[in-house]
Every structure is written in C-alpha cells, then in structure tokens.
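# Close look at the chain arrangement
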Amino acid sequence: MPKVTTHRKAHFNAAHRLYNNKWTDAKNVAVFGKCANPNYHGHNYDLIVSVTGEINAETGFVIDIKILKELIKIEIEDYFDHKNLNKEIPEFKTLNPTAENISIVIWNKLRLKMNTKLDLKITLYETARNFVTYSGK
Ligand code: NI
C-alpha cells in the first residue's frame with residue numbers, strides 16, 4: 001500500500017532562556033549569546049506536524065485533518081502559546097528549551113495521542129531560517 005504524508009502547520013509564541021547552570025555566566029554568553037539573556041526573549045515558533053501512513057480505504061485520509069488540527073491545538077498550541085518555557089513548562093525545568101529539545105517534547109506529547117500505525121515527524125522553526133526536525137529516532 002502506498003504511504004502518503006499529511007502535513008499540518010501551526011504556530012505559537014513563547015519566551016525562553018538558553019542557559020546551563022553548571023557553567024559560568026561568561027561561558028553561557030559565549031555559547032548561547034543573546035539567548036542567555038537572564039530576562040528571557042521571545043520567538044514566533046512555526047510548527048509543521050507531518051503524519052505518514054497508509055490511506056484509510058473508507059475515508060481516503062491518512063489522518064482526519066480536523067482531528068489532527070484539534071490535537072495540535074490542545075496538546076501544543078494551548079500548552080506552549082504565550083508561555084515562558086523555562087518557568088511554566090514542566091518539561092523544561094531541567095531541560096534547556098532549545099528548538100531541538102522543544103521538538104522532542106512536542107513529538108512525545110503528540111505521539112502519545114496518535115495511532116501507532118502512523119509515523120510522526122516534527123519540523124519546528126525558531127526563526128524563518130533556523131529550524132529542526134525530529135521523527136523519534
Ligand atoms: Ni532564543
């Protein structure tokens with residue numbers, strides 16, 4: 001059976017600070033630059049959720065995009081939007097909220113709610129030019 005990938009775009013704004021508390025402030029600034037600012041800064045995150053699977057013979061869908069849209073809204077947008085990731089999102093209490101780590105948190109949250117027959121890939125843009133992908137490996 002052919003496999004098709006369905007993509008859904010989403011968006012959230014969030015603040016963060018990149019910081020390793022085992023390092024000196026100087027080293028944090030050297031590695032993370034302006035992202036180490038103690039007063040936090042924001043990003044407009046663009047997200048693409050990609051779901052790959054066989055087409056359901058009855059619906060013609062890989063996944064019902066209405067269901068995917070609602071899942072992303074509840075699990076990701078409502079959870080992250082207008083939040084301070086370091087302070088308000090439990091996953092980042094001890095995990096640096098880089099785009100890489102955010103993509104893994106997003107993947108883990110969606111994976112729990114989706115049919116295991118479907119493959120899931122996350123593409124997360126932190127800026128228009130900087131983005132990461134994660135597909136669970
Ligand atoms: Ni940043």
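Structure report, in brief. Because the structure is predicted, anything quoted here is derived from the model rather than measured. (Residues numbered from 1 in each chain as written. Predicted model: local features only at pLDDT ≥ 70, side-chain atom pairs only at ≥ 80, totals over all residues. Heavy atoms only, no water.)

Our focus in this paragraph is the coordination of the nickel ion. Note on the nickel ion: its protein donors are His16 (NE2), His41 (NE2) and His43 (NE2). The metal-donor distances range over 2.0 to 2.1 Å. In the primary structure, the donors to the nickel ion are separated according to the pattern H-x24-H-x1-H. One end of the pair, histidine 16, is in strand β1 (residues 3–16); the other, histidine 41, is in strand β2 (residues 41–54), with 25 residues separating them in the sequence. Each member of the pair histidine 16 and histidine 41 is classed as buried. (Donors = N, O, S within 2.8 Å, 3.2 Å for Na, K, Ca; no water. Helix = DSSP H or I, 4+ residues; strand = E, 2+ residues; numbered from the N terminus. Buried < 20%, exposed > 50% of the residue type's maximum accessible area, 1.4 Å probe, protein only.)

This part takes up the nonpolar core. In this structure, Phe12, Leu47, Val49, Val51, Phe80, Ile106 and Leu124 are the most contacted members of the largest nonpolar core, which totals 30 residues. Per element, the largest residue contribution to this core is six residues, and it comes from helix α4 (residues 99–111). When residues no more than four places from it in sequence are discounted, the contact partners of leucine 47 are Arg8, Lys9, Ala10, Ile72, Ile76, Ile106, Ile122, Thr123 and Leu124. (Core = buried A, V, L, I, M, F, W, Y, C linked by side-chain atoms within 4.5 Å. Contact = heavy atoms within 4.5 Å.)

Leave glycine aside and you will find that most residues have negative phi; peptide bonds, for their part, are mostly trans. Residues other than glycine seldom take positive phi values, yet tyrosine 40 does so here, at roughly 70°. Inspection of the secondary structure puts tyrosine 40 in the loop between α1 (25–32) and β2. You will see that histidine 82, though not glycine, has its phi angle at about 60°, which is positive. Residue placement: histidine 82 occurs in the loop between α2 (65–80) and β3 (83–84). Overall, the relative accessible area of 61% leaves histidine 82 in the exposed class.

Direction vectors running N to C along α2 and α4 enclose 145°, while the axes themselves pass 10 Å from each other. For α2 against α4, the interelement crossing comes out right-handed. On α4, the residues touching Leu71, Glu75, Ile76, Tyr79 and Phe80 of α2 are Val105, Ile106, Lys109 and Leu110. Its residues assigned to classes, the contact of α2 with α4 shows seven nonpolar, no polar and two charged. (Axes fitted to C-alpha atoms, helices over the stretch in contact; angles between N-to-C directions. Left-handed = near helix turned anticlockwise from the far one by under 90°. Nonpolar A, V, L, I, M, F, W, Y, C, P; charged D, E, K, R; others polar.)

When you tally the buried positions in β2, you get 10 out of 14 residues, the bulk of the element. Direction of pairing for β2 relative to strand β4 (residues 119–125): antiparallel, over a ladder of seven bridges. Within β4, the residue paired with valine 49 across the bridge is isoleucine 122. (Pairing = 2+ DSSP bridges.)

Let's shift gears to the pattern of salt bridges. Any two side chains of opposite charge can pair, so long as their charged atoms come close to each other. On inspection of all chains with the given rule, the structure shows four salt bridges. Salt-bridge contacts for lysine 113 lead to glutamate 75; the nearest nitrogen and oxygen are separated by 3.8 Å. Taken together, the residues span a long stretch of sequence, with lysine 113 in the loop between α4 and β4 and glutamate 75 in helix α2 at a distance of 38 residues. Several salt bridges converge on common partners, so that one network encompasses Glu75, Lys109 and Lys113. (Salt bridge = Lys/Arg side-chain N within 4 Å of Asp/Glu carboxyl O.)

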